[in-house]
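# Report on the structure
Chain by chain, the residues run as shown.
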Amino acid sequence: MQLTNSDVIKAVIDAEILPESEASLLKEGVKLDEQGVDSLAFYNLLLVLEERCGIHIPDNEVNQLHTMKDIIDYFNSKMAG
Amino acid sequence: MNMLGIENIASYIPEARISNFDRQETFGIDAKFIEQRIGVRQIALKSNLEETSDLCVTAFSNLLQKLVLHKEEIEVLVVITQNPDTNIPHTSAIVHKKLDLPETCACFDISLGCSGYVYGLSVVLSFMSTNGFKKGLLFTADPYSKIIDPSDKGTALLFGDAATVTLLSEQPSFTPLKFTYGTSSKEYSSLLCQQGKLFMNGREIFNFAAKHIPPDVTHLLRINQKTVQDIDKFVFHQGSKYILDTISTRLKLDTQKVVFDMAEYGNTVSSSIPIILEKEITGLENRLILISGFGVGLSWSSTLLERRTLCS
């Protein structure tokens with residue numbers, strides 16, 4: 001299983017973090033907090049992805065994740081391992 | 001034996017407030033974060049001269065504004081707190097003295113946080129039933145201002161002081177149905193007081209609430225043979241607006257039925273549910289209310305409160 005850009009956008013929509021019209025415009029390489037996803041919404045997004053992918057992100061590794069690309073790379077490296 | 005339940009509730013929220021809008025620059029937050037995320041515009045703050053037991057006494061005075069209660073009728077007094085006047089004795093004994101209650105009245109404290117009120121209802125009603133008691137007082141008072149570091153963004157913007165008292169009797173307006181309980185102790189250190197200071201891991205608390213409370217509500221409804229549509233009001237512990245919104249989203253609840261009330265006083269720990277119930281139990285349209293408390297421990301407890309009528 002590979003996490004994709006579409007999976008992250010779907011999680012943003014399902015968790016009602018952003019409306020679909022805004023979620024579909026999220027840029028992969030731009031910090032999420034600069035695109036309307038603040039710290040609490042970011043935790044929510046990570047939780048939804050953790051539940052869907054069956055992995056847990058320790059607190060000290062959350063601080064390294066800022067963009068959608070960071071998240072996709074992180075999850076895919078964990079799932080590949 | 002007649003059925004025991006909630007006859008009435010009174011609360012005391014200290015008048016003093018600290019505005020979160022005045023602290024935007026200090027904590028690097030904006031109005032959207034205050035209104036839509038934590039959902040707390042200002043927190044209630046007790047006076048330094050007020051002890052936990054004093055908050056209880058004032059709540060009791062407010063109860064006496066609503067009804068006639070003879071002190072000699074009170075057979076049990078319980079205080080839910082983790083911020084007592086002192087470690088020894090139990091705060092309920094101090095409240096007992098300040099209210100000048102009879103020596104025959106049983107007193108004990110319950111050490112629980114945000115799940116405390118729901119646990120407390122179950123414990124005290126069972127205690128009263130076992131002993132054939134007819135009137136009891138269940139207090140909540142957990143003034144976190146005693147343990148909050150004013151410079152800690154994660155807690156200083158969120159928690160407020162308050163106390164409540166619930167009169168439990170054989171003339172109930174609401175009685176509980178079946179309860180649920182739970183403990184996720186592997187995360188206990190996510191909300192911890194050490195060396196007199198409160199520490200909270202906001203992400204862990206959010207994850208705990210989002211993962212555990214929706215399935216608990218579903219389980220509670222199932223064991224009581226009810227559906228979401230049967231519930232007139234959902235009264236969740238007021239952890240933060242974002243936590244309530246997330247629980248509501250996950251359960252696909254009608255947001256009109258989910259009570260949000262903490263904006264002007266903050267998260268008052270075990271008092272959050274009874275502060276809301278005090279208002280909601282007076283609304284005759286509310287016949288079935290779901291209450292769910294969750295937090296310190298990390299623990300949770302939920303039940304349904306059903307309105308009693310003269311015929312029921």
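Below you will find a few notes about this structure. Nothing here was measured: the structure is a model prediction, and the numbers come from that model.

## Focus: helix α1 (residues 5–14) of chain A
Residues and elements named next belong to chain A. V8, I9, A11 and V12 are the residues of α1 that are buried. The buried residues of α1 occupy one face: seen down the axis, they fall within an arc of 155°. Against the buried residues of α1 lie α2 (20–23), α3 (39–53) and α5 (68–80). Immediately beyond the C-terminal end of α1, within one or two residues, lies E16, with a positive phi of roughly 55°.

## Focus: the layout of surface pockets
The volume enclosed by the largest pocket comes to roughly 860 Å³. Lining the largest pocket are 39 residues, with S39, L40 and Y43 of chain A together with G202 and R203 of chain B positioned closest to its centre. Looking at the lining of the largest pocket, its residues break down into 20 nonpolar, twelve polar and seven charged. Looking at the lining of the largest pocket, you find at least three residues from each of domain 1 (5–171) and domain 2 (175–307) of chain B.

## A closer look at the interface of chain A and chain B
Taken together, the 20 residues of chain A in the interface contact 15 residues of chain B. Across the chain A/chain B interface, buried area totals approximately 1,400 Å², and carbon plus sulfur atoms make up 49% of it. Of all residues in chain A, L40, Y43 and L47 of chain A give up the largest surface area on contact with chain B, accounting jointly for 38% of the area buried on that side. The residue D59 of chain A makes a salt bridge to R203 of chain B at a minimum N-O spacing of 2.9 Å. Counting across the chain A and chain B interface gives seven residue pairs in polar contact (both at pLDDT 80 or more). Of all the secondary structure elements, the ones that give two or more residues to the side of chain A that touches chain B are α3 and α4 (59–62) of chain A. The element contributing the most residues to the side of chain A that touches chain B is α3 of chain A, with nine residues.

## Quick look at the nonpolar core
Formed by 76 residues in total, the largest nonpolar core has its most connected members in I17, L45, I71 and F75 of chain A together with F236, L290 and F294 of chain B. Counting residues domain by domain, this core receives three or more from each of domain 1 (5–171) and domain 2 (175–307) of chain B. Filtering out sequence-adjacent residues up to four positions away, F236 of chain B remains in contact with I213, V217, L244, I247, L251, L253, V258, I273, L290, S292 and F294 of chain B. Within the second largest apolar cluster, 33 residues are counted, among which are A44, V235, I275 and I276 of chain B.

Reading guide: rules and limits
Residues numbered from 1 in each chain as written. Chains lettered and ligands numbered in written order. Predicted model: local features only at pLDDT ≥ 70, side-chain atom pairs only at ≥ 80, totals over all residues. Heavy atoms only, no water. Buried < 20%, exposed > 50% of the residue type's maximum accessible area, 1.4 Å probe, protein only. Helix = DSSP H or I, 4+ residues; strand = E, 2+ residues; numbered from the N terminus. Arc of directions from axis to C-beta. Contact = heavy atoms within 4.5 Å. 1 Å grid on protein atoms, 1.4 Å probe; cavity = no way out; pocket = protein on both sides within 12 Å on 5 of 7 lines; lining within 4 Å. Points joined across faces, edges and corners; volume = space filled by probe spheres on them. Nonpolar A, V, L, I, M, F, W, Y, C, P; charged D, E, K, R; others polar. Domains from an automatic or database assignment. Buried area = accessible area lost by both parts, 1.4 Å probe. Salt bridge = Lys/Arg side-chain N within 4 Å of Asp/Glu carboxyl O. Polar contact = N/O pair within 3.5 Å; in protein donor to acceptor, adjacent residues only side chain to side chain. Core = buried A, V, L, I, M, F, W, Y, C linked by side-chain atoms within 4.5 Å.

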